[in-house]
Amino acid sequence: MRFVGALCPTNAFSLLIGALFFYASLTPSLMPRGAVVQGALAGILAVIGYGVGQLLQWVRTYFEIPEIPPPWRVKLGRASLVLCVVIVLASTWKAADWQNSTRAAVDLPPVSTSHPLNILVVAIVVFVPLWFAALAFQLLLRSVHQQLERVVPRRISTVVSFVIACWVFWAIGEGVLLRNLFQFADSGLEAADRFIDPEIPMPTDPMRTG
(Lines give C-alpha, C1' and ligand atoms only; values in the text may rest on other atoms or scores of the structure.)
Protein backbone atom coordinates (compact mmCIF):
# COMPACT_ATOMS: atom_id res chain seq x y z
CA MET A 1 0.00 0.00 0.00
CA ARG A 2 2.91 2.38 0.61
CA PHE A 3 3.98 1.94 -3.01
CA VAL A 4 0.45 2.69 -4.23
CA GLY A 5 0.21 5.70 -1.96
CA ALA A 6 3.51 7.04 -3.25
CA LEU A 7 2.64 6.35 -6.87
CA CYS A 8 -0.81 7.91 -6.89
CA PRO A 9 -0.06 11.59 -6.32
CA THR A 10 2.52 11.74 -9.12
CA ASN A 11 1.68 9.25 -11.87
CA ALA A 12 -1.88 7.95 -11.49
CA PHE A 13 -3.42 10.70 -13.62
CA SER A 14 -0.88 10.07 -16.40
CA LEU A 15 -1.48 6.32 -16.20
CA LEU A 16 -5.22 6.98 -16.53
CA ILE A 17 -4.64 8.96 -19.72
CA GLY A 18 -2.42 6.13 -20.93
CA ALA A 19 -5.20 3.62 -20.23
CA LEU A 20 -7.61 5.73 -22.29
CA PHE A 21 -5.13 5.74 -25.17
CA PHE A 22 -4.82 1.94 -24.77
CA TYR A 23 -8.61 1.73 -25.02
CA ALA A 24 -8.61 3.88 -28.17
CA SER A 25 -5.97 1.68 -29.83
CA LEU A 26 -8.30 -1.33 -29.68
CA THR A 27 -11.34 0.39 -31.18
CA PRO A 28 -12.27 -0.34 -34.84
CA SER A 29 -9.73 0.83 -37.41
CA LEU A 30 -9.37 0.84 -41.19
CA MET A 31 -7.62 -2.54 -41.28
CA PRO A 32 -7.83 -5.63 -39.04
CA ARG A 33 -4.74 -6.29 -36.91
CA GLY A 34 -3.24 -9.40 -35.36
CA ALA A 35 -2.60 -9.77 -31.65
CA VAL A 36 1.11 -8.93 -31.85
CA VAL A 37 0.64 -5.80 -33.95
CA GLN A 38 -2.34 -4.77 -31.86
CA GLY A 39 -0.43 -5.26 -28.62
CA ALA A 40 2.58 -3.27 -29.87
CA LEU A 41 0.34 -0.44 -31.03
CA ALA A 42 -1.54 -0.47 -27.71
CA GLY A 43 1.71 -0.29 -25.74
CA ILE A 44 3.05 2.60 -27.82
CA LEU A 45 -0.18 4.57 -27.56
CA ALA A 46 -0.36 3.92 -23.81
CA VAL A 47 3.09 5.49 -23.40
CA ILE A 48 2.03 8.44 -25.57
CA GLY A 49 -1.03 8.88 -23.36
CA TYR A 50 1.19 8.75 -20.26
CA GLY A 51 3.35 11.46 -21.82
CA VAL A 52 0.28 13.59 -22.51
CA GLY A 53 -0.71 13.26 -18.85
CA GLN A 54 2.77 14.31 -17.73
CA LEU A 55 2.65 17.25 -20.13
CA LEU A 56 -0.68 18.39 -18.69
CA GLN A 57 0.81 18.26 -15.21
CA TRP A 58 3.79 20.29 -16.44
CA VAL A 59 1.37 22.89 -17.86
CA ARG A 60 -0.40 23.04 -14.49
CA THR A 61 2.92 23.63 -12.74
CA TYR A 62 3.99 26.23 -15.29
CA PHE A 63 0.83 28.30 -14.80
CA GLU A 64 1.04 27.73 -11.03
CA ILE A 65 -2.42 26.22 -10.79
CA PRO A 66 -2.95 24.98 -7.20
CA GLU A 67 -2.81 21.24 -6.62
CA ILE A 68 -5.61 19.18 -5.13
CA PRO A 69 -5.18 18.90 -1.32
CA PRO A 70 -3.03 15.85 -0.40
CA PRO A 71 -5.78 13.70 1.22
CA TRP A 72 -8.06 14.06 -1.80
CA ARG A 73 -5.15 13.69 -4.21
CA VAL A 74 -4.22 10.30 -2.77
CA LYS A 75 -7.83 9.10 -2.85
CA LEU A 76 -8.33 10.26 -6.43
CA GLY A 77 -5.02 8.66 -7.37
CA ARG A 78 -6.05 5.29 -6.01
CA ALA A 79 -9.42 5.56 -7.73
CA SER A 80 -7.58 6.40 -10.98
CA LEU A 81 -5.45 3.26 -10.69
CA VAL A 82 -8.55 1.12 -10.22
CA LEU A 83 -10.16 2.82 -13.20
CA CYS A 84 -7.03 2.10 -15.27
CA VAL A 85 -7.41 -1.63 -14.61
CA VAL A 86 -11.13 -1.52 -15.47
CA ILE A 87 -10.47 0.34 -18.74
CA VAL A 88 -7.72 -2.06 -19.84
CA LEU A 89 -9.75 -5.20 -19.03
CA ALA A 90 -12.93 -3.83 -20.61
CA SER A 91 -11.14 -2.83 -23.82
CA THR A 92 -9.42 -6.21 -24.24
CA TRP A 93 -12.76 -7.96 -23.61
CA LYS A 94 -14.41 -5.90 -26.36
CA ALA A 95 -11.46 -6.14 -28.77
CA ALA A 96 -12.84 -9.19 -30.64
CA ASP A 97 -16.15 -7.44 -31.38
CA TRP A 98 -14.33 -4.33 -32.59
CA GLN A 99 -12.02 -6.41 -34.80
CA ASN A 100 -15.00 -8.28 -36.27
CA SER A 101 -16.71 -5.02 -37.18
CA THR A 102 -13.58 -4.06 -39.13
CA ARG A 103 -13.26 -7.51 -40.70
CA ALA A 104 -16.89 -7.41 -41.79
CA ALA A 105 -16.26 -4.08 -43.53
CA VAL A 106 -13.47 -5.63 -45.65
CA ASP A 107 -15.32 -8.95 -46.25
CA LEU A 108 -13.15 -11.08 -43.95
CA PRO A 109 -14.53 -13.89 -41.78
CA PRO A 110 -15.06 -13.06 -38.10
CA VAL A 111 -12.72 -14.27 -35.37
CA SER A 112 -13.86 -15.97 -32.19
CA THR A 113 -11.23 -14.26 -30.03
CA SER A 114 -8.79 -11.39 -30.26
CA HIS A 115 -6.30 -13.25 -28.03
CA PRO A 116 -6.51 -10.65 -25.23
CA LEU A 117 -3.74 -12.27 -23.18
CA ASN A 118 -1.32 -12.00 -26.10
CA ILE A 119 -2.32 -8.37 -26.59
CA LEU A 120 -1.71 -7.59 -22.92
CA VAL A 121 1.67 -9.35 -22.83
CA VAL A 122 2.95 -7.62 -25.95
CA ALA A 123 1.58 -4.27 -24.76
CA ILE A 124 3.36 -4.65 -21.42
CA VAL A 125 6.63 -5.66 -23.10
CA VAL A 126 6.44 -2.54 -25.27
CA PHE A 127 5.09 -0.23 -22.57
CA VAL A 128 7.54 -0.94 -19.73
CA PRO A 129 10.84 0.10 -21.39
CA LEU A 130 9.20 3.13 -22.99
CA TRP A 131 7.68 4.05 -19.64
CA PHE A 132 11.09 3.89 -17.98
CA ALA A 133 12.40 6.11 -20.76
CA ALA A 134 9.61 8.57 -19.97
CA LEU A 135 10.56 8.49 -16.29
CA ALA A 136 14.20 9.10 -17.24
CA PHE A 137 13.09 12.09 -19.31
CA GLN A 138 11.14 13.41 -16.33
CA LEU A 139 14.16 12.95 -14.04
CA LEU A 140 16.44 14.75 -16.49
CA LEU A 141 13.91 17.55 -16.86
CA ARG A 142 13.65 17.97 -13.09
CA SER A 143 17.44 17.94 -12.61
CA VAL A 144 18.08 20.55 -15.29
CA HIS A 145 15.22 22.66 -13.97
CA GLN A 146 16.63 22.64 -10.44
CA GLN A 147 20.02 23.78 -11.70
CA LEU A 148 18.67 26.54 -13.93
CA GLU A 149 16.23 27.80 -11.31
CA ARG A 150 19.19 29.00 -9.25
CA VAL A 151 20.20 31.57 -11.88
CA VAL A 152 17.06 32.37 -13.93
CA PRO A 153 13.36 32.88 -13.09
CA ARG A 154 11.27 29.77 -12.54
CA ARG A 155 9.15 29.95 -15.68
CA ILE A 156 12.15 30.57 -17.91
CA SER A 157 14.02 27.66 -16.35
CA THR A 158 10.97 25.44 -16.89
CA VAL A 159 10.82 26.16 -20.62
CA VAL A 160 14.59 25.99 -21.15
CA SER A 161 14.93 22.74 -19.20
CA PHE A 162 12.14 21.17 -21.28
CA VAL A 163 13.91 22.16 -24.51
CA ILE A 164 17.24 20.80 -23.24
CA ALA A 165 15.68 17.50 -22.13
CA CYS A 166 13.95 17.10 -25.51
CA TRP A 167 17.22 17.82 -27.32
CA VAL A 168 19.15 15.25 -25.24
CA PHE A 169 16.57 12.52 -25.85
CA TRP A 170 16.34 13.39 -29.54
CA ALA A 171 20.12 13.19 -29.88
CA ILE A 172 20.19 9.82 -28.10
CA GLY A 173 17.28 8.45 -30.13
CA GLU A 174 18.57 9.65 -33.49
CA GLY A 175 22.24 8.99 -32.91
CA VAL A 176 22.07 5.61 -31.15
CA LEU A 177 18.68 3.93 -31.13
CA LEU A 178 17.50 4.89 -34.62
CA ARG A 179 20.83 4.01 -36.22
CA ASN A 180 20.94 0.60 -34.53
CA LEU A 181 17.31 0.00 -35.47
CA PHE A 182 18.03 0.62 -39.15
CA GLN A 183 21.11 -1.61 -38.99
CA PHE A 184 19.05 -4.37 -37.40
CA ALA A 185 16.36 -3.99 -40.08
CA ASP A 186 18.96 -4.08 -42.89
CA SER A 187 20.59 -7.24 -41.52
CA GLY A 188 17.19 -8.90 -41.11
CA LEU A 189 16.12 -8.09 -44.67
CA GLU A 190 19.50 -9.23 -45.99
CA ALA A 191 19.10 -12.55 -44.19
CA ALA A 192 15.58 -12.93 -45.60
CA ASP A 193 16.87 -12.29 -49.14
CA ARG A 194 19.19 -15.30 -48.85
CA PHE A 195 16.17 -17.61 -48.68
CA ILE A 196 14.94 -16.44 -52.10
CA ASP A 197 16.04 -18.71 -54.93
CA PRO A 198 17.91 -16.56 -57.49
CA GLU A 199 16.64 -18.86 -60.26
CA ILE A 200 13.02 -17.80 -59.71
CA PRO A 201 11.95 -15.82 -62.79
CA MET A 202 10.83 -12.26 -62.33
CA PRO A 203 7.08 -11.69 -62.74
CA THR A 204 5.99 -10.25 -66.06
CA ASP A 205 2.84 -8.69 -64.67
CA PRO A 206 3.56 -4.91 -64.28
CA MET A 207 1.18 -4.82 -61.30
CA ARG A 208 3.34 -7.26 -59.29
CA THR A 209 6.61 -6.45 -57.56
CA GLY A 210 9.81 -8.04 -58.82
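In this text the structure is predicted, and so the values were computed from the model without any measurement.

If you look at the biggest cluster of nonpolar residues, it comprises 20 residues, and the most contacted ones within it are Leu15, Phe22, Leu26, Cys84, Phe127 and Trp131. When contributions to this core are tallied by element, the ones reaching two or more residues are helix 1 (2-26), helix 2 (35-62), helix 3 (70-105) and helix 4 (116-148). At six residues, helix 1 tops the list of elements feeding residues into this core.

Scanning the entire structure with this criterion turns up three salt bridges. A salt bridge links Arg73 to Glu67; its shortest N-O distance comes to 2.0 Å. Counted as one network, the salt bridges with shared partners bring together Arg60, Glu67 and Arg73.

On to the environment of Ser114. If you trace the backbone, Ser114 turns up in the loop between helix 3 and helix 4. Relative accessible area serves as the criterion here: at 9%, Ser114 is assigned to the buried category. Between the C-alpha atom of Ser114 and that of Asn100, which follows or precedes it by 14 residues, the distance is 9.2 Å. With residues near it in sequence (within four places) discarded, Ser114 still touches Ala35, Thr92, Ala95, Ala96 and Ile119.

This paragraph deals with the layout of surface pockets. Space inside the second largest pocket adds up to approximately 450 Å³. Lining the second largest pocket are 19 residues, and of these Leu15, Cys84, Val88, Ile124 and Phe127 sit closest to its centre. Elements represented by at least two residues in the lining of the second largest pocket include exactly helix 1, helix 2, helix 3 and helix 4. Considered class by class, the residues forming the lining of the second largest pocket number 16 nonpolar, three polar and no charged.

A few words now on the packing of aromatic side chains. Counted under the stated rule, the structure contains six aromatic pairs. Ring geometry for Trp131 versus Phe132: centroids 5.6 Å apart, planes at 55°, classification tilted. Relative to Phe169, the ring of Phe137 lies with its centre 5.2 Å away and its plane at 85°, an arrangement referred to as edge-to-face. With a gap of 32 residues between them, Phe137 in helix 4 and Phe169 in helix 5 (residues 154-193) connect regions that are remote in the sequence. Clustering of aromatic rings is evident, with ring pairs tying together Tyr50, Phe127, Trp131 and Phe132. It is Lys75 that lies over the ring of Trp72; its NZ or CZ is 5.4 Å from the centre.

Conventions used here
- Residues numbered from 1 in each chain as written.
- Predicted model: local features only at pLDDT ≥ 70, side-chain atom pairs only at ≥ 80, totals over all residues.
- Heavy atoms only, no water.
- Core = buried A, V, L, I, M, F, W, Y, C linked by side-chain atoms within 4.5 Å.
- Buried < 20%, exposed > 50% of the residue type's maximum accessible area, 1.4 Å probe, protein only.
- Helix = DSSP H or I, 4+ residues; strand = E, 2+ residues; numbered from the N terminus.
- Salt bridge = Lys/Arg side-chain N within 4 Å of Asp/Glu carboxyl O.
- Contact = heavy atoms within 4.5 Å.
- 1 Å grid on protein atoms, 1.4 Å probe; cavity = no way out; pocket = protein on both sides within 12 Å on 5 of 7 lines; lining within 4 Å.
- Points joined across faces, edges and corners; volume = space filled by probe spheres on them.
- Nonpolar A, V, L, I, M, F, W, Y, C, P; charged D, E, K, R; others polar.
- Phe/Tyr/Trp six-rings, centres within 6.5 Å; stacked < 30°, edge-to-face > 60°.
- Lys NZ or Arg CZ within 6 Å of the ring centre and 35° of its normal.

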